[in-house]
Amino acid sequence: KLRPASFCKDSCYLPPLRYPAVCPIKSSTVAEEYQYIIHGGKNPNNELSDKLYILNIASKVNKKFTFRCIEKELVGEIPEARYGHTVNVVHSQGKKMIVIIGGRSYMAPGQRTTENWNRVVDCMPLIFLVDPEFGCCTSYVVPELQNGFSFHVSLTRNDTIYIIGGHSIETNTRPPNLCKIKIDLPIGSPAVNCCVLSGGISVSSAILTQVKENEFVIVGGYHSDNQKRLVCNTINLDDNKIEIVEREAP
C-alpha cells in the first residue's frame with residue numbers, strides 16, 4: 001500500500017532521476033534510521049548528473065514519513081556525470097568510504113561531432129573513493145579492470161565489493177565478469193586491490209537483493225539486447241569465498 005510522503009523544509013531539491021546508483025548507509029540497528037546514498041542518473045531533460053545526495057527519514061508520525069535530502073559537495077577527483085553505475089559503502093578499521101564504480105556517460109565535448117553529439121560511452125574503468133564526511137574524492141586505476149562496464153550488479157561485505165556481470169557498449173557484450181575489490185582504510189592513504197575470479201555470470205540490468213546475512217539473490221536482467229534473463233541466482237558469501245548458483249525462478 002502506497003502512502004504519501006513529503007520532504008522537510010531544510011531539505012534540498014531531489015530531481016526525478018533515471019538509472020542513478022543507490023545504496024544504504026546503516027547508521028544504527030534500527031531499519032528506519034538508514035541513510036541512502038543517491039549518485040548520478042539522468043534528469044528529465046536527458047542531462048546526466050554528477051551530484052551525490054544523502055537521503056534519510058527526518059520524522060515518522062502516524063505512518064507518515066518526512067524525508068530529508070542533502071546534496072553533498074564533492075571536491076578533488078570528482079567522478080564525471082554518469083548513469084548505469086553502482087555505489088557502495090565499505091567499512092574498514094572503524095572507518096567507512098563511499099565507492100563509485102563503472103557507468104556510462106556522454107562522449108567528451110572535444111570528441112563530439114554533429115553525428116555523434118548524443119552518443120554515450122562507457123566511463124573509464126576507475127574506482128572512486130568518496131569520504132562521506134568531507135566529500136573528498138580520489139580515483140584509483142587497477143590493472144585488472146581494463147574495460148568500462150555498465151549496468152552491472154554489486155554487493156558489499158565489510159571491506160570487500162564484488163562486481164558481477166555488466167554490459168560493454170564498445171563491444172555490445174555481457175561478459176561473465178566476477179571481480180573482487182578489497183579496500184583497506186588505514187591511517188593515511190587507502191589501499192585498493194582487485195582480482196578477477198571465475199564463476200561469474202553474463203547479466204546486465206538485473207536486481208540484486210540481500211535475503212540473509214551471507215545470501216543474496218539476482219533476479220531479472222538481460223542476456224542480450226532482445227533476450228530477457230528468465231533464470232534467478234543465489235549468491236552465497238562464506239568468509240572470502242563467493243559462489244553463484246542457479247535457483248528456481250518465481
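Here's what I pulled together on the structure shown here.

Conventions we followed
Residues numbered from 1 in each chain as written. Predicted model: local features only at pLDDT ≥ 70, side-chain atom pairs only at ≥ 80, totals over all residues. Heavy atoms only, no water. Pairing = 2+ DSSP bridges. Helix = DSSP H or I, 4+ residues; strand = E, 2+ residues; numbered from the N terminus. Axes fitted to C-alpha atoms, helices over the stretch in contact; angles between N-to-C directions. Phe/Tyr/Trp six-rings, centres within 6.5 Å; stacked < 30°, edge-to-face > 60°. Buried < 20%, exposed > 50% of the residue type's maximum accessible area, 1.4 Å probe, protein only. Lys NZ or Arg CZ within 6 Å of the ring centre and 35° of its normal. Contact = heavy atoms within 4.5 Å. Core = buried A, V, L, I, M, F, W, Y, C linked by side-chain atoms within 4.5 Å. Salt bridge = Lys/Arg side-chain N within 4 Å of Asp/Glu carboxyl O. Polar contact = N/O pair within 3.5 Å; in protein donor to acceptor, adjacent residues only side chain to side chain.

1. Things to note about the sheet that holds strand 17 (residues 207–212)
With respect to topology, 4 strands assemble into an open sheet ordered 17-18-21-22, the strand pairing being antiparallel. At either end of the open sheet lies a strand with only one pairing partner, and these are strand 17 and strand 22 (241–247). In this sheet, neighbouring strand axes are inclined to one another by 25° on average, regardless of whether the strands run parallel or antiparallel.

2. Observations regarding the packing of aromatic side chains
Under the criterion given, the structure shown has 5 aromatic pairs. On the numbers, 6.1 Å between centres and 45° between planes, the contact of F7 with F67 is tilted. Of this pair, F7 sits in strand 1 (residues 5–7) while F67 sits in strand 5 (residues 64–72), placing them 60 residues apart in sequence. For F7, a relative accessible area of 44% puts it in the partly exposed group. Here the aromatic rings of F65 and F67 are separated by 6.4 Å at their centres, their planes lie at 20°, and the arrangement is stacked. Through a chain of ring-to-ring contacts, three or more aromatic side chains come together here, namely F7, F65 and F67. The positively charged end of K42 is found above the aromatic ring belonging to Y83, 4.6 Å away from the centroid.

3. Describing the side chain of N88
Mapping N88 onto the fold places it in strand 7 (residues 86–92). Among the residues examined, N88 registers a relative accessible area of 6% and is labelled buried. Ignoring anything within four residues of it in the chain, the contact list for N88 reads C23, M97, I98, V99, S154, L155, T156 and I161.

4. Topic: the nonpolar core
Ranked by size, the top nonpolar core spans 18 residues in total, and within it V99, I127, L129, I181, I183 and V192 carry the most contacts. Of all elements in the fold, only strand 8 (95–101), strand 11 (126–130), strand 14 (160–164), strand 15 (178–184) and strand 16 (191–196) reach the threshold of two or more residues within this core. Setting aside anything within four residues of it in sequence, one finds L129 in contact with M97, I98, V99, C136, C137, T138, Y140, I183, P190 and V192.

5. As for the sheet that holds strand 13 (residues 153–157)
Strand pairing in a sheet takes place through backbone hydrogen bonds and is either antiparallel or parallel in direction. Read across the sheet, 4 strands follow the order 13-14-15-16 without closing on themselves; strand pairing throughout is antiparallel. One side of each edge strand has no neighbouring strand; the edge strands of this open sheet are strand 13 and strand 16. Across the sheet, the axes of successive neighbouring strands diverge by a mean angle of 20°, strand direction being ignored. As defined by bridge partners, strand 15 adjoins strand 16 across 6 bridges and the pair is classed as antiparallel. For K180, the partnering residue across the bridge sits in strand 16 and is C195.

6. Focus on the pattern of salt bridges
Tallied over the entire structure, the rule returns 7 salt bridges. Between R174 and D225 there is a salt bridge whose closest N-O contact spans 3.1 Å. Of this pair, R174 sits in the loop between strand 14 and strand 15 while D225 sits in the loop between strand 19 (222–224) and strand 20 (227–228), and the two are 51 residues apart along the sequence. Classification of D225 by relative accessible area gives exposed; the value is 51%.

7. Focus: unusual backbone geometry
Positioned with a positive phi, N46 is a non-glycine residue whose angle comes to about 65°. Locating N46 in the fold gives a position in the loop between strand 3 (35–39) and strand 4 (52–61). With relative accessibility at 34%, the residue N46 sits in the partly exposed group. One non-glycine residue, S205, lies in positive phi territory at about 60°. Relative to the helices and strands, S205 resides in the loop between strand 16 and strand 17.

8. Thoughts on the side chain of H167
Here H167 shows up in the loop between strand 14 and strand 15. Within polar-contact distance, the side chain of H167 engages the side chain of R104 at 2.9 Å. Not counting the four nearest positions on each side in its chain, H167 is found in contact with R104, D122, F149, S150, N172, T173, R174, S204 and D225.

What is shown is where atoms sit, not what they do.
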